[in-house]
Structures are given as C-alpha cells and as structure tokens.
Amino acid sequence: MPVDIKSLTKEQLREQIMTLGYPAFRAAQIGTWLDGGCASFDDMTNLPLALREQLKEQFVIPGVTILRRLQSQQDETVKYLFGLSDGETVESVLMSYHHGWSQCLSTQVGCRMGCSFCATGMGGLSRNLLPAEMLAQIETAQRDRGIRVSSVVLMGMGEPLDNYNNVLRFLRMLAEPGGIHIGMRHISLSTCGLVDGIYRLMEEKLQLTLSVSLHAPNDEIRSRLMPINRRYPVEELLTACRDYIRATGRRISFEYAMIDGVNDSDACAAQLASRLKGMLCHVNLIPANEVSGKDHRRSSQQRLKQFSHILEQQGITVTVRRTLGADISASCGQLRRQERREE
Ligand code: SAH
Ligand code: SF4
C-alpha cells in the first residue's frame, strides 16, 4: 500500500527523501507543491523525473482532479471521472433529489468481486482508496458545482467492506462537525454480501443504511451472477442480515438488478418474497444497466411491474429505482473503461 504523503510531518518527509538519495531541499520543494494544493506528482515539474517516478511508487497524494465531466441532458445528474495522484481513475455521480444533492462515491479503484453484470469488476482491483480520497470526491464536486452535498451513497466503484478500515475512517471524518458534516443517517453503504464485514459493521452500531446487493433468490442463480456467493451463500447472508437488523434496529435495503430471463421470473419473485418475509427490509428493484462486452439485457417494464406486484402481494415493500442520468451511463465503471479503451 502506498503511503499518504500528506500524513507525514516535514521531518518525516525529509528523512524519506534523503533515504531515496536526494538532498533535503527536494523535500522542501515537494512540501511547497503539496501546500499549494498540487494533486499529482507529475505536476511537480522542478523535481527530477526519476524522483517523480519513485514518489509515485511509494506515495499517494490523497486528492482528486476532474478528468471528465458529463452533464445529463435529461436531468441534473453529473458524472465525474476523477484522476488520482498515481494516474488511476475513479468515477462518481452527483444526483439531484427534492431533498438535496446526493453523491455516489467510489471506495476502491476497480473491484475484485467479479460480479458478472458489473463493469467495475471487469478489470479486477487496482487498489483501495484512502479516506482522504473519498472525502476529496465530495469536496471537488461541491466546489465544481457550487453546491452542498447532503447525502452520500457508497455505490460507486469498489466493494466498501473490502476496504473496511479506510471506509470507516472516512465515514467518521464525514460526520465530524466543522468538516463536510454529513451524519450517518444520510449515508448508505452497499455491499455484495461480505458476511464477516457485515458482522464487523454491526458492532459499530452506526445509524447508516445498509444496502445488500442480493440480485437472486437462491444459490443457483446468485452464484452464477456473483462469485462471492460461493463463499457466503444466500442463507448465511440472510442470517447475517437478520442479526444486523436485530442489533442495530435499522431496516436493510436489498438491491435487485432485474436481468432479462436470468432472475426476473414470477417464480424468482415468489421465492424472494418467501425468503424475506417477516424481515425489517425493503427491496429496491433496478432495471439492470447494459454493459458493453457483457451480454445481459435489462428486464422489460412489464416484467418489473409484475415482479414488484408479486413482492407487494406478499407484504414486502418495494421501490423501482428511478434511472437518473441514463444518457450518460451514470452507473459506475463504464466511463472509466471507455476512457481506458480510448488511451
Ligand atoms: N460493491 C458494492 C457497491 C458498489 S456496486 C455492491 O456490489 O453492492 C453498486 C450497485 O450497483 C450494486 O447493487 C451492484 O450490484 C449494482 N450494479 C453493478 N452493475 C450493475 C449493472 N450493470 N446494472 C445494475 N446494477 C448494477
Ligand atoms: Fe464489485 Fe459491486 Fe461490481 Fe460486484 S457489483 S464487481 S461487488 S463493484
């Protein structure tokens, strides 16, 4: 893991630079760049190229720069491609709701969970994001638009519970008065179902909303879509969810991406309803986004309606997610892939 260069004292930075074989004044130059808000080692043009390369290997400057900004023509959604100090990129989406601005953040560069329908998972995991890099996504979007973000969803690139410590530090920093100051009640964390992470989170007793990406009512379908299901099968995951609800008193939101002919039959709806019956939960149906290079198709409106009708008849609360920014492929992972292909 590269070290956050901003967390070093001036002394420590000088020592590190001298260990690399450079004179102390190089550390002072780096300090001046950092104090001036420089977000990339490549921009530190008065340093020797070899030093810049070494810095990139060993350190990160936890900040983000806007590489691309896509503005939806249909609504106020804005999608960003952010650049990190080591040349990696992540996506983030800003959405306007009647209650204010909500931002969808990335927690990792890529993801190692390999879900079959997901663009982010296609290239595997490059690295975890640092807490400061998660905060910087909000700060940068706020500055860019001249707005205040009032709620945050961890549903961008990456699996938040696979970067547990950094995500928890970030959430605590976010809630601090004086900073961005967004309280836990305005935060949603989405996980593909890392059961050990759910239990860890349960112990923290936070007031955030836990979203669990379920996407299938049984192991047969879920293991095909989500490799993590082979490690934590549906029943084990649902047991963890019940324990979580009992311990925190918080309702869980189950995400269910409707994929044509895969998980959207009446039988799937009935099985899902019977497994969730009696739980303090909510099902969020999402028309699956079609991803280039993947052959899944989204379910028809008619299917979505019928599926949600069956769940409702069984007493399960359901919402169908509004698709914001559909014209700018606002679901994460796609813009970054497109950008990489164009390189
Ligand atoms: N890794 C976490 C959070 C990021 S993914 C998780 O999996 O929950 C955010 C949400 O987008 C998840 O519910 C995920 O299953 C969903 N998702 C990913 N690719 C999608 C696609 N092509 N169509 C619809 N939803 C998708
Ligand atoms: Fe990772 Fe979530 Fe995509 Fe699965 S859906 S590959 S867990 S980002």
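Since the model is a prediction, treat every value here as computed from it, not as a measurement. (Residues numbered from 1 in each chain as written. Chains lettered and ligands numbered in written order. Predicted model: local features only at pLDDT ≥ 70, side-chain atom pairs only at ≥ 80, totals over all residues. Heavy atoms only, no water.)

**Overview of the pattern of salt bridges**
Two side chains that carry opposite charge are able to pair once their charged atoms sit near each other.
Thinking step 1. Evaluated as defined, the whole model comprises 16 salt bridges.
Thinking step 2. Two residues, Arg14 and Glu11, come together in a salt bridge whose shortest N-O distance is 2.9 Å. Remark: Glu11 and Arg14 occur in helix H1 (residues 10-19); sequence separation between them is three residues, near one turn of the helix.
Thinking step 3. On the basis of relative accessibility, which here comes to 35%, the residue Arg14 falls in the partly exposed class.
Thinking step 4. Relative accessible area serves as the criterion here: at 47%, Glu11 is assigned to the partly exposed category.
Thinking step 5. The partner of Glu204 in a salt bridge is Arg172, and the shortest N-O contact between them spans 3.0 Å. (Salt bridge = Lys/Arg side-chain N within 4 Å of Asp/Glu carboxyl O. Helix = DSSP H or I, 4+ residues; strand = E, 2+ residues; numbered from the N terminus. Buried < 20%, exposed > 50% of the residue type's maximum accessible area, 1.4 Å probe, protein only.)

**Side note on the site of ligand 1**
Thinking step 1. Near ligand 1 lie 17 residues; those nearest to it are Phe117, Ser190, Ser213, His215 and Asn289.
Thinking step 2. Within the backbone of Thr191, a nitrogen or oxygen atom sits 3.5 Å from an oxygen atom of ligand 1.
Thinking step 3. At a separation of 2.8 Å, a nitrogen atom of ligand 1 approaches a polar backbone atom of Asn289.
Thinking step 4. Protein chains bury 90% of the 530 Å² of accessible surface belonging to ligand 1 in isolation.
Thinking step 5. When residues of the shell around ligand 1 are traced back to their parent elements, those giving at least two are strand E10 (187-191) and strand E12 (252-258).
Thinking step 6. Split into classes, the residues belonging to the shell around ligand 1 amount to seven nonpolar, eight polar and two charged. (Near = heavy atom within 4 Å. Polar contact = N/O pair within 3.5 Å; in protein donor to acceptor, adjacent residues only side chain to side chain. Areas by Shrake-Rupley, 256 points an atom, 1.4 Å probe, with all protein chains shown as cover. Nonpolar A, V, L, I, M, F, W, Y, C, P; charged D, E, K, R; others polar.)

**Observations concerning the nonpolar core**
Thinking step 1. Of all hydrophobic cores here, the largest spans 83 residues; its most connected members are Phe254 and Leu276.
Thinking step 2. No other element matches the seven residues that helix H9 (residues 234-248) contributes to this core.
Thinking step 3. With sequence-adjacent residues up to four places away left out, Leu276 is seen in contact with Leu214, Leu238, Phe254, Cys281, Val283 and Ile316.
Thinking step 4. Ranked by size, the runner-up nonpolar core spans 17 residues in total, among them Ile5, Leu13, Ile30 and Leu47. (Core = buried A, V, L, I, M, F, W, Y, C linked by side-chain atoms within 4.5 Å. Contact = heavy atoms within 4.5 Å.)

**Some words on the sheet that holds strand E14 (residues 318-320)**
Thinking step 1. Reading across the sheet, the ten strands line up as E3-E4-E5-E6-E9-E10-E11-E12-E13-E14 and stay open at both edges, with mixed pairing between neighbours. This sheet does not close on itself; its edge strands, each paired only once, are strand E3 (65-71) and E14. Taken over all neighbouring pairs, the strand axes of this sheet differ in orientation by 25° on average, direction set aside.
Thinking step 2. Pairing of strand E5 (residues 89-97) with strand E6 (residues 100-104), which is carried by five bridges, proceeds in the antiparallel orientation. Note on E6: the bridge partner recorded for Tyr97 is Gly100.
Thinking step 3. Against the sheet, helix H11 (residues 301-313) engages E12, strand E13 (281-287) and E14, with an angle of about 170° to E13. (Pairing = 2+ DSSP bridges. Axes fitted to C-alpha atoms, helices over the stretch in contact; angles between N-to-C directions.)

**Considering H11**
Thinking step 1. Along its 13 residues, H11 runs 18 Å from first to last C-alpha, staying within 8% of the 18 Å computed at 1.5 Å per residue.
Thinking step 2. Regarding H11, the residues found buried are Leu304, Phe307, Ser308, Ile310 and Leu311. Buried residues of H11 fall within an arc of 155° about the axis and therefore sit on the same side. Facing away from the buried side of H11 by over 90 degrees, the exposed positions are Gln301, Gln302, Lys305 and Gln313.
Thinking step 3. Considering only its buried residues, H11 is in contact with E12, helix H10 (266-276), E13 and E14.
Thinking step 4. Where H11 ends, the next residue or the one after it, Gly315, has phi of about 85°, a positive value. (Expected span 1.5 Å × (residues − 1). Arc of directions from axis to C-beta.)

**Details of the side chain of Ser299**
Thinking step 1. Mapped onto the fold, Ser299 is located in the loop between E13 and H11.
Thinking step 2. Of note is the side chain of Ser299, whose polar atom sits 3.3 Å from the backbone oxygen of Met258.
Thinking step 3. Apart from the residues lying within four places of it in its own chain, the contact partners of Ser299 are Met258, Ile259, Asp260, Asp264 and Leu304.

**A few points about unusual backbone geometry**
Thinking step 1. Its identity as a non-glycine residue notwithstanding, His181 has a phi of 60°, on the positive side.
Thinking step 2. Here His181 is to be found in the loop between helix H5 (164-175) and E10.
Thinking step 3. Taking relative accessible area as the criterion, His181 reaches 49% and is therefore assigned partly exposed.
Thinking step 4. Notably, Lys205 is not glycine yet its phi reads approximately 45°, a positive angle.
Thinking step 5. Mapping Lys205 onto the fold places it in the loop between helix H6 (195-204) and strand E11 (209-213).

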